[in-house]
Structure formats: structure tokens, C-alpha cells
Amino acid sequence: MLNEKKALLLIGSPKKKNSTSESLGNYLLEGLNKKGYISEKLHIISILKDDVEGLFAKVNDADIVIVSAPLYVDSLPSPLIKAFELIGQNRKGMSNSKSQRFISIVNNGFPESFHSNTALKICKIFADNAGFQWLGGLAIGCSPAINGMPIKNLGGMTRNIVKSLDITIDKIAKNESIPLEAINLVSKEIIPSWLYTLIANRGWKIQARKFNAHKSLYIKPYIK
């Protein structure tokens, strides 16, 4: 139908399946489908290799573009940054008759969500320069606790994330910005920071033992 709106999810995670970025994006797409949107998702790491022109066409045809990505060293994964550069070049000087909107979700492995704030600012700068209407972004911490699983199946641990995304879905459908209520809800700790840190440290030690590096964890070669 000509009046159907299109939602496009760009998954910035280098993982081609079962990523937390995809899990969060999927929940948004499912909600938008119920609002009458038709949706599609693309894995950036694959589309850059296979069909860059197809990426441009789908981005330029979407009514709402959703970027969901993990935090990499206070920024975004390099394939997503490359995609932003290429999309920006493609849209330079382009006249588009319809208003296109843009939101981002950035998840990170720290207990606190604010570590994703710089990456969200990068997304906003891209959206502004590429001619999108920026509706806002969501920062999420403790993302390894989700581990690519459907967030609606994780019970109370993700209740605030679910509430936040439900609000976001409703605002997108109304062409409104993400409100502070949704931003604050999603920024709350999934699990207490002390417990998350305890589990994470134990996980690092298990991985180190797996690769026979557990005896080297506390080596300080540069201290005289």
C-alpha cells in the first residue's frame, strides 16, 4: 500500500546473529509492525560487502531509520562508521520530498549506561548532516546480561527496557521525539552494579583459564 510507512533497522554489531543490538532492534520493529509499519533489517557488516547501492536505496526509502549498535571504545564499530560516511556522501545534495526520521540505540558492557553518550552524539551529528530528523537516542548498560536473547523473554531484568521501548514505539508512530521518561527508564541498571561486576570479573577469569592466560592476569611488566 502506498500509505504504508517503512521502518529500517541497521544493525551495527559485527555479530551476524544473536547480538544484543539485534535483540533490541527486533523489539522495536515488532512494535512498529503493530502500528502499521512495514519493516526490514540489515546487518551493516554484511551489506557493506554485498550491496552498498542496495543499502543506499533502502535508507533513502525509509520513513524511520533505527540504528542499534554496541559501544566500541567510546564510539561505534568501524563498519557502522564506514556506513555513515558512505551514506552521508550518497545523500549529499539529495533532495528528498518526504521527512525521514532517525533514532539510535547504543548498548555497552559497563554497569552504567552513560558510557554510550558519546556514541549517541556521533549518531546525532550523522543524522543532522545526512538530512534526517533526529528523534533521539537510548543508552543501555549491562548489555552482556541480555546476550542476544529476546528482551521480552527475560522477565523483570529487562522490564525498564521494555517500558522504554514501548514508549519509544508510540512516539515514533506519532512522529514525536523520544521523551526523557524513556531515556531515564532504559538507563537504569539491569542488575545491581556490584553483582554485575562480580559476575563479569568471574567471566574474565574463566575465559583466561580457557586460553591458559589466567596466570598472566595480574602481571605488570612496565612497573619497575
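Scoring rules and cut-offs
- Residues numbered from 1 in each chain as written.
- Predicted model: local features only at pLDDT ≥ 70, side-chain atom pairs only at ≥ 80, totals over all residues.
- Heavy atoms only, no water.
- Helix = DSSP H or I, 4+ residues; strand = E, 2+ residues; numbered from the N terminus.
- Rg over C-alpha atoms; globule rule 2.2 N^0.38 Å.
- Buried < 20%, exposed > 50% of the residue type's maximum accessible area, 1.4 Å probe, protein only.
- Contact = heavy atoms within 4.5 Å.
- Areas by Shrake-Rupley, 256 points an atom, 1.4 Å probe, with all protein chains shown as cover.
- Lys, Arg positive; Asp, Glu negative; His and termini not counted.
- Charge placed at Lys NZ, Arg CZ, Asp CG, Glu CD.
- Pairing = 2+ DSSP bridges.
- Axes fitted to C-alpha atoms, helices over the stretch in contact; angles between N-to-C directions.
- Phe/Tyr/Trp six-rings, centres within 6.5 Å; stacked < 30°, edge-to-face > 60°.

Student: Can you help me understand the overall build of the protein in this one?
Tutor: Summing up its helical and strand segments, the protein has eight helices and five strands in all. Taken from the N to the C terminus, the helices and strands of the protein come in the order β-α-β-α-α-β-α-β-α-β-α-α-α. Against the 2.2 N^0.38 benchmark of 17 Å for 224 residues, the protein shows a C-alpha radius of gyration of 19 Å, consistent with a compact globule. Projected onto its principal axes, the C-alpha positions of the protein cover 65 × 35 × 25 Å. When each of the 224 residues of the protein is scored for burial, the buried share is 45%. Long-range pairs, those at least 24 residues apart, make up 78% of the contacts in the protein with a sequence separation of at least 6. Total accessible area computed for the protein in this model is approximately 12,400 Å², and 55% of it derives from carbon and sulfur atoms. Taken together, the 30 basic and 18 acidic charged side chains of the protein have centroids lying 9 Å from each other.

Student: Would you mind going over the sheet that holds strand S4 (residues 101-107) with me for this structure?
Tutor: Backbone hydrogen bonds are what pair the strands of a sheet, in a parallel or an antiparallel way. What the five strands build is an open sheet, ordered S2-S1-S3-S4-S5; its pairing is parallel. Two strands bound the open sheet, and with one partner strand each, they are strand S2 (38-43) and strand S5 (133-140). Pairwise comparison of adjacent strand axes, ignoring direction, gives a mean angle of 15° for this sheet. As paired strands, strand S1 (residues 6-11) and strand S3 (residues 64-70) are joined by five bridges and run parallel to one another. By the bridge assignment for S3, Ala7 is matched with Ile64.

Student: When you look at the packing of aromatic side chains in this model, what are you seeing that I'm missing?
Tutor: Aromatic ring pairs: the centre-centre distance and the angle between the two ring planes describe each pair. Using the criterion set out here, one finds six aromatic pairs in the structure. Between Phe84 and Phe126 the ring centres are 4.0 Å apart and the planes differ by 5°, which places this aromatic pair in the stacked class. Highlighted residues: Phe84 in helix H4 (residues 78-91) and Phe126 in helix H5 (residues 117-129), separated in sequence by 42 residues. Of the two residues, Phe84 and Phe126, both sit in the buried class.

Student: Sorry, what's going on with the environment of Lys205 here?
Tutor: Tracing the sequence through the fold places Lys205 in helix H8 (residues 193-210). You can call Lys205 partly exposed: its relative accessible area is 43%. With 10 residues separating them along the chain, Lys205 and Lys215 place their C-alpha atoms 9.7 Å apart. In this structure Lys205 touches Leu217 and Tyr218, once residues within four positions along its chain are discounted.

Structural measurements only, silent on function.
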